[in-house]
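Residues per chain are reported as follows:
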Amino acid sequence: MPSVLPSTPDTQTPPLTPPEAGWRKARTAPSLQEVYASIRVPAQSASFWRKLLAFWGPGLMVAVGYMDPGNWATDIAGGSRFGYTLLSVILISNLFAMLLQHLAAKLGIVTGRDLAQACRDHFSKPTAMVLWFLCEIAIAACDLAEVIGSAIALNLLFKIPLTWGVVLTILDVMVVLLFQNKGFRVLESIVAGLIVLIFGCFLYEIIVSNPDWFGILGGLVPRPEVVTTPGMLYVAIGILGATVMPHNLYLHSSIVQTRQIEQTEGGKRMAIKFATIDSTVALFLAFFVNAAILVTAAAAFHKNGHHEVADINQAHALLAPVLGAGAASIVFAVALLASGQNSTLTGTLAGQIVMEGFLNIRLKPWLRRLITRGIAVVPAFIVTLLYGEKGTGELLVLSQVILSLQLSFAVVPLVMFTSSKAKMGVFVNKIWVQVLAWVVSAIIIALNVYLLYETFFG
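Residues numbered from 1 in each chain as written. Predicted model: local features only at pLDDT ≥ 70, side-chain atom pairs only at ≥ 80, totals over all residues. Heavy atoms only, no water.

Tallying secondary structure elements over the chain gives 20 helices and two strands in all. Looking at the 458 residues of the chain, the share that counts as buried comes to 59%. A separation threshold of at least 6 residues defines the contact pool for the chain, and within that pool the share at least 24 residues apart is 83%. Roughly 17900 Å² of accessible area belongs to the chain as shown, and the carbon and sulfur atoms make up 71% of that amount. (Helix = DSSP H or I, 4+ residues; strand = E, 2+ residues; numbered from the N terminus. Buried < 20%, exposed > 50% of the residue type's maximum accessible area, 1.4 Å probe, protein only. Contact = heavy atoms within 4.5 Å. Areas by Shrake-Rupley, 256 points an atom, 1.4 Å probe, with all protein chains shown as cover.)

Next up on the list: the nonpolar core. Among the nonpolar cores identified, the biggest contains 122 residues, and L86 and F202 are the most heavily contacted of them. Looking at this core element by element, the count peaks at 20 residues for helix α15 (residues 265-302). Residues within four places of L86 in sequence aside, it is in contact with G78, V226, M232, V235, A236, I239 and L294. (Core = buried A, V, L, I, M, F, W, Y, C linked by side-chain atoms within 4.5 Å.)

The next thing to look at is a nonpolar patch on the surface. Together, W164, V167, I170, W366, L367, L370, I371, V378, F381, I382, L385 and L386 make up a nonpolar patch on the protein surface, roughly 1100 Å² of accessible area in all. Put simply, the parts of the chain that give the nonpolar patch at least two residues each are α8 (162-168) and α18 (365-418). Top contributing element to the nonpolar patch by residue count: α18, with nine residues. Looking at the secondary structure, you find L386 in helix α18. The exposed category is assigned to L386, whose relative accessible area is 59%. (Patch = residues over 30% accessible without salt bridge, like charges linked within 9 Å, V, L, I, M, F, W, Y side chains within 5 Å. Salt bridge = Lys/Arg side-chain N within 4 Å of Asp/Glu carboxyl O.)

This brings us to the side chain of S441. Mapped onto the elements, S441 comes out in helix α20 (residues 431-457). Side-chain polar atoms of S441 contact the backbone oxygen of A437, separated by 2.7 Å. (Polar contact = N/O pair within 3.5 Å; in protein donor to acceptor, adjacent residues only side chain to side chain.)

In this section: the packing of helix α14 (residues 246-255) against helix α17 (residues 327-359). Following both chains from N to C, one finds α14 and α17 inclined at 80 degrees, their axes separated by 9 Å at the closest point. Comparing their axes, α17 and α14 come out roughly perpendicular. Along its contact with α14, which presents H247, Y250, L251 and S254, the element α17 presents T346, L349, A350, I353, V354 and F358. Class assignment of the residues belonging to the contact of α14 with α17 gives a composition of seven nonpolar, three polar and no charged. (Axes fitted to C-alpha atoms, helices over the stretch in contact; angles between N-to-C directions. Parallel < 35°, antiparallel > 145°, perpendicular 65-115°, else oblique. Nonpolar A, V, L, I, M, F, W, Y, C, P; charged D, E, K, R; others polar.)

With that settled, the discussion passes to the pattern of salt bridges. Summed over all chains, the structure comprises five salt bridges. Between R185 and E188 there is a salt bridge; the shortest N-O distance is 3.0 Å. In this pair, R185 and E188 both sit in helix α10 (residues 184-209), three residues apart, roughly one turn of the helix. Note on accessibility: R185 and E188 belong to one class, buried.

Detailed reading of predicted coordinates is not advised where the pLDDT is low. For the chain, the average pLDDT comes to 82, and 84% of its residues sit at 70 or higher. Note on residues 1-18: pLDDT is under 50 here. Beyond four places in sequence and across chains, it has 44 contacts. (pLDDT = per-residue confidence, 0-100.)

A few words on the environment of A338. You can see A338 is positioned in helix α17. Between the C-alpha atoms of A338 and V196, which are 142 residues apart in sequence, the distance is 9.8 Å. Those residues in contact with A338 that lie beyond four places of it in its chain are L194, L197 and I198.

On to the environment of L398. Checked against the element boundaries, L398 lands in helix α18. By relative accessible area, which is 37% here, L398 ends up partly exposed.

This structure, assessed with the given rule, holds eight aromatic pairs. Three or more aromatic residues link up through ring pairs in this structure, and these residues are F48, W49, F55 and F274. Positioned above the aromatic ring of W23, the side-chain terminus of R113 is 4.3 Å from the ring centre. Lying across the ring of W23, K423 places its NZ or CZ 4.8 Å from the centre. (Phe/Tyr/Trp six-rings, centres within 6.5 Å; stacked < 30°, edge-to-face > 60°. Lys NZ or Arg CZ within 6 Å of the ring centre and 35° of its normal.)

Relative placement of two packed helices is described by the angle separating their axes and the distance separating the axes. Contact pair helix α6 (residues 115-122) / α17: the axes reach a minimum separation of 7 Å and the direction vectors enclose 20 degrees. As judged from the angle between their axes, α6 and α17 are roughly parallel. Considering only the axes of α6 and α17, their crossing is right-handed. In contact with A116, Q117, C119 and R120 of α6, α17 contributes I353, V354, E356, G357, F358 and L359. Its residues assigned to classes, the contact of α6 with α17 shows six nonpolar, two polar and two charged. (Left-handed = near helix turned anticlockwise from the far one by under 90°.)

Right, dumping it as structure tokens:
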């Protein structure tokens, strides 16, 4: 296991970037300064597996955002209404995510700036402030999904009323701070453990639901009806919007810098290679979890005529009687709780990165976390108090719509920066990568605009 180094000026402070190297100002402080370059990596001559182990971790933390409670409702709706057909949408969404996370990692490794810091340098102050405000809204929306998901899981497992479950999620603040103080490797290990738990839960769900394996293989192939059928298209776009998370791009561009790499072309190329392997493998795990939710819904509900199951509470209530497996509902709720807690850990870091990067303001971690969680808890508490389960389900959908709205404001700057020769030097995106990235960006923007239009006017 790579060791954690003590903080010293020589290892912790990156070399300043001169303004002429594509940036208006020199770097003043690294991203997440308290853990910057805190994890040693072996020399370039070391074995492949030693290097992979050293770089392994940030990808798992990013993958958490692709399996958070906000994804569950769209996957359940897609499986119950259309069977295995929308598996291809989950696959394509993950391929999009793999490309974007590769670009985010490359930006952080090459420039020594996270995406928020890069935006603050490149854009005018008013534009940067708008981007910061939109990103804060997105993080609050993501936190809202975590609050609701955790509260629903506590209700399903321990019969704790939703309102009290929402209040209890404030304790996440203390849990996150405890883990952060133990070191970044500890945080990565906890995230990895929770992902293994979620993975194991859905492996069980797939086994007991006895799906149609040929139907699953057929569902991975894109079909024209996904686009031509309005109801199916709407759910498909919802899956895309819930899968590709804007805050993950900020998060990934920062946490890859926790590795102490050689500040040379060779050192950076090695870091980009292994960071990309790390995030790609981790996103395949996220693909399995999202696909497993949809497959379970298709096998348990669609096959048995329950085509209108669209939220987490309905799915939990029906799983055991439909499948005839008493543990199915409990395992489902355990996975949901693990998902909510995992998302809390990474959401905290993303909030810190965004605020420090855009505003160059450093708040105490407990204060930053309390503010973010408070913004999410208040509306969730009010809605659960007034409207109960139905209200929380609709609030969960609204949080995903807000995330969709913000996504393009993170994707476009990322593709711009990594396609700039002045900013990236020899690491600039190749022409084919630039074309592919802009095509993916255009598709995401177009589909999310459609989703927003249908949500409010359709």
